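Descriptive structure summary
In case you want the letters, here they are:
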Amino acid sequence: MKIVVLTGAGISAESGIQTFRASDGLWENHRIEDVATPEGFMKNPNLVYQFYNERRRQLLSPGISPNPAHIALAELEKQGKHEVLVVTQNIDDLHERAGTQNIIHMHGELLLSRCEVSGITHEARQDVTEEDECPCCTPGARLRPHVVWFGEMPLEMERIYEALSDCDLFLSIGTSGNVYPAAGFVAEAKAYGARAVEINLEASMTATQFDEHIYGPAGTVLSEFLMTLP
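Described in the following lines is the structure provided in the data block.

Conventions and cut-offs
- Residues numbered from 1 in each chain as written.
- Predicted model: local features only at pLDDT ≥ 70, side-chain atom pairs only at ≥ 80, totals over all residues.
- Heavy atoms only, no water.
- Pairing = 2+ DSSP bridges.
- Helix = DSSP H or I, 4+ residues; strand = E, 2+ residues; numbered from the N terminus.
- Axes fitted to C-alpha atoms, helices over the stretch in contact; angles between N-to-C directions.
- Contact = heavy atoms within 4.5 Å.
- Buried < 20%, exposed > 50% of the residue type's maximum accessible area, 1.4 Å probe, protein only.
- Right-handed = clockwise from strand over helix to strand, strands pointing away.
- 1 Å grid on protein atoms, 1.4 Å probe; cavity = no way out; pocket = protein on both sides within 12 Å on 5 of 7 lines; lining within 4 Å.
- Points joined across faces, edges and corners; volume = space filled by probe spheres on them.
- Core = buried A, V, L, I, M, F, W, Y, C linked by side-chain atoms within 4.5 Å.
- Polar contact = N/O pair within 3.5 Å; in protein donor to acceptor, adjacent residues only side chain to side chain.

**Observations concerning the sheet that holds strand E11 (residues 212–215)**
Spatially, E5-E4-E1-E9-E10-E11 is the arrangement adopted by the six strands of the open sheet, whose pairing is parallel. Strands at the two margins of the open sheet, each flanked by one partner only, are strand E5 (103–105) and E11. Strand-to-strand twist in this sheet, taken as the mean axis angle between neighbours without regard to direction, amounts to 15 degrees. Relative to the sheet, helix H5 (residues 68–79) contacts strand E1 (2–7), strand E4 (83–88) and strand E9 (169–173), its axis offset from that of E1 by approximately 160 degrees.

This is how it looks when you write it as structure tokens:
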């Protein structure tokens, strides 16, 4: 069976990572426009660097680790019975820490920085500042967070749509269903005949498009669902 799994902020929230957008429209007390848009980076790059440095420190702190949902997906891939692709909207590395290898970070990765000139990415496990220069350029160009901001195109969309058109099961975990293009993945998969299952704390904005719904913490209910697969 070919399985495409979409994961969102909900799965990382169970590991202690705060979700992207709170009910008041702020992210860690910052306006989204100030820290998650190209315009915000142009206007105040130091604020943006500081913001992502803080997020990176949190991700790498001792208290953050993969939860049972991350581990269950990694085990599903490791078993080798099914062809599994994880497409995540999250910029953390918790899937990789759990052992997942076939993964697409459609919104980028917090532990990478990207050269503004060449587009080459570099590991970033320490703070990044405006003074840091890209090692691949002469003279060194500025590095920016390797994160897809509002107004930018998500990564590897061609590969994602190809997988959606060929999967037997589309599984959505911990997503709100109000951010496109990810919110449209269920319709894409179903158009090609896939079974669609939603696992979430509550109904998403696209809940009516799914064939089945399982509500509860992913760390608890995901393993039970995966045990029902042939």
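**Focus: the pairing of E9**
Where burial is concerned, most of E9 is hidden: five out of the five residues are buried. Residues of E9 alternate between two faces, with Leu169, Leu171 and Ile173 on one and Phe170 and Ser172 on the opposite face, all of them buried. As paired elements, E1 and E9 share five bridges and run parallel to each other. Its bridge partner lying in E9, threonine 7 is registered against isoleucine 173. Where E9 meets strand E10 (residues 195–200), five bridges bridge the pair, whose relative direction is parallel. Paired with serine 172 across the strands is glutamate 198, a residue of E10. Since E9 and E10 lie parallel, the crossover through helix H8 (residues 185–191) that links them has a hand, and here it is right-handed.

**Here's the deal with empty space enclosed by the protein**
Within the structure shown, the criterion is met by one cavity of 30 Å³ or more. Taken as a whole, the largest cavity spans an internal volume of roughly 40 Å³. Lining the largest cavity are Val48, Tyr49, Tyr52, Asn53, Arg56, Leu112, Ser113, Ala124, Val128 and Pro145. For the lining of the largest cavity, the secondary-structure elements that each account for two or more residues are helix H4 (45–59) and strand E6 (108–115). With five residues, H4 is the single largest residue contributor to the lining of the largest cavity.

**Quick notes on the nonpolar core**
Counting 25 residues, the largest nonpolar core has Tyr52, Leu59, Cys115 and Trp149 as its most contacted members. For this core, the element with the highest residue contribution is H4, accounting for six residues. Tryptophan 149 has contacts with Val35, Ala36, Thr37, Pro38, Phe41, Val48, Tyr52 and Arg144, leaving out every residue within four places of it along the chain. Val5, Ile103, Leu171 and Ile199 belong to the second-largest nonpolar core, a separate cluster that totals 21 residues.

**Describing the side chain of histidine 105**
Its location among the elements puts histidine 105 in strand E5. At 2.6 Å, the side chain of histidine 105 and the side chain of glutamate 96 are in polar contact. The contacts of histidine 105, once residues within four sequence positions are left out, are Thr88, Asn90, Ile91, Asp92, Glu96 and Leu155.

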